[in-house]
Amino acid sequence: QSPHGAWQPALWRPDGSRIDLPLIPASLDSFQGNAPEGLAFAVSDAGFVAGRSDKLGYYRPVYWTPSSEIVELGNPFMTSDHWEGEAVSISSTGIIAGRVYRPVLNGVTWGAMRWDVDGTAPILSVTTDTGITYPRTEALKSLDDGTILGYGSNDGQIQYGILWTPDGEAIE
């Protein structure tokens, strides 16, 4: 946590030194006197970091390069700026797992997401190989081969494990 009370993403080096990671520039919050903030959740063997950073009052999924440059990740489901997301895992091959808002019948819910540091973002299926469609999905872990691990839920309470193949197919 930074001195002004906001969360500051940081990377700790093996020698004990701390590197503060930058936030998305020009957040609306900074214009309103609020301190923008972010969090770092995971670091890959290659030095990429997955996390989130504030933008316009919403958390956005991001990753930081080994040289500490911030890269904002997109949301293919939303067309407005009013959405949130976070990147929670990154593999040594640059596969990122996380979640973003996506529209559903009565509003929005979390949708599992996969991004690659090369800029691609394959869509992860919400319908499993057993034929069940989950309105809410979250991706929690990315593996080097492109496999994503996470869960699906119908009501937000009971969670069912899902493995997404590298091409986005959901296996329950």
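Note that the structure is predicted; figures quoted are calculated from it, not measured. (Residues numbered from 1 in each chain as written. Predicted model: local features only at pLDDT ≥ 70, side-chain atom pairs only at ≥ 80, totals over all residues. Heavy atoms only, no water.)

Trainee: Which residues make up the sheet that holds strand E3 (residues 38–43), and what values do they have?
Mentor: One open sheet accounts for 4 strands, arranged E3-E4-E5-E6; its pairing is antiparallel. Two strands lie at the open edges of the sheet, namely E3 and strand E6 (70–72), each paired on one side alone. Sheet twist, expressed as the average angle between the axes of neighbouring strands with direction ignored, equals 35 degrees. Note that E3 and strand E4 (residues 49–55) share 5 bridges and pair antiparallel. Within E4, the residue paired with Ala40 across the bridge is Gly51. (Pairing = 2+ DSSP bridges. Helix = DSSP H or I, 4+ residues; strand = E, 2+ residues; numbered from the N terminus. Axes fitted to C-alpha atoms, helices over the stretch in contact; angles between N-to-C directions.)

Trainee: Please set out a negative patch on the surface residue by residue, giving values where relevant.
Mentor: A surface patch of negative charge is lined by Asp129, Asp167, Glu169 and Glu172. Mapped onto the secondary structure, Asp167 falls in the loop between strand E12 (160–164) and strand E13 (170–171). The class for Asp167 is exposed, based on a relative accessible area of 59%. (Patch = residues over 30% accessible without salt bridge, like charges linked within 9 Å, V, L, I, M, F, W, Y side chains within 5 Å. Areas by Shrake-Rupley, 256 points an atom, 1.4 Å probe, with all protein chains shown as cover. Salt bridge = Lys/Arg side-chain N within 4 Å of Asp/Glu carboxyl O. Lys, Arg positive; Asp, Glu negative; His and termini not counted. Charge placed at Lys NZ, Arg CZ, Asp CG, Glu CD. Buried < 20%, exposed > 50% of the residue type's maximum accessible area, 1.4 Å probe, protein only.)

Trainee: So what about the pairing of strand E8 (residues 95–104)? Which residues, and what values?
Mentor: For E8, the buried fraction is high: 7 of the 10 residues fall into the buried class. For strand E7 (residues 85–90) and E8, the ladder comprises 5 bridges, and the chain directions are antiparallel. When the bridges of E8 are listed, Ser89 appears paired with Ala97. Of the strand pairs in this sheet, E8 and strand E9 (residues 107–116) are connected by 10 bridges, and their pairing is antiparallel. Looking across to E9, one finds that Arg99 is bridged to Ala112.

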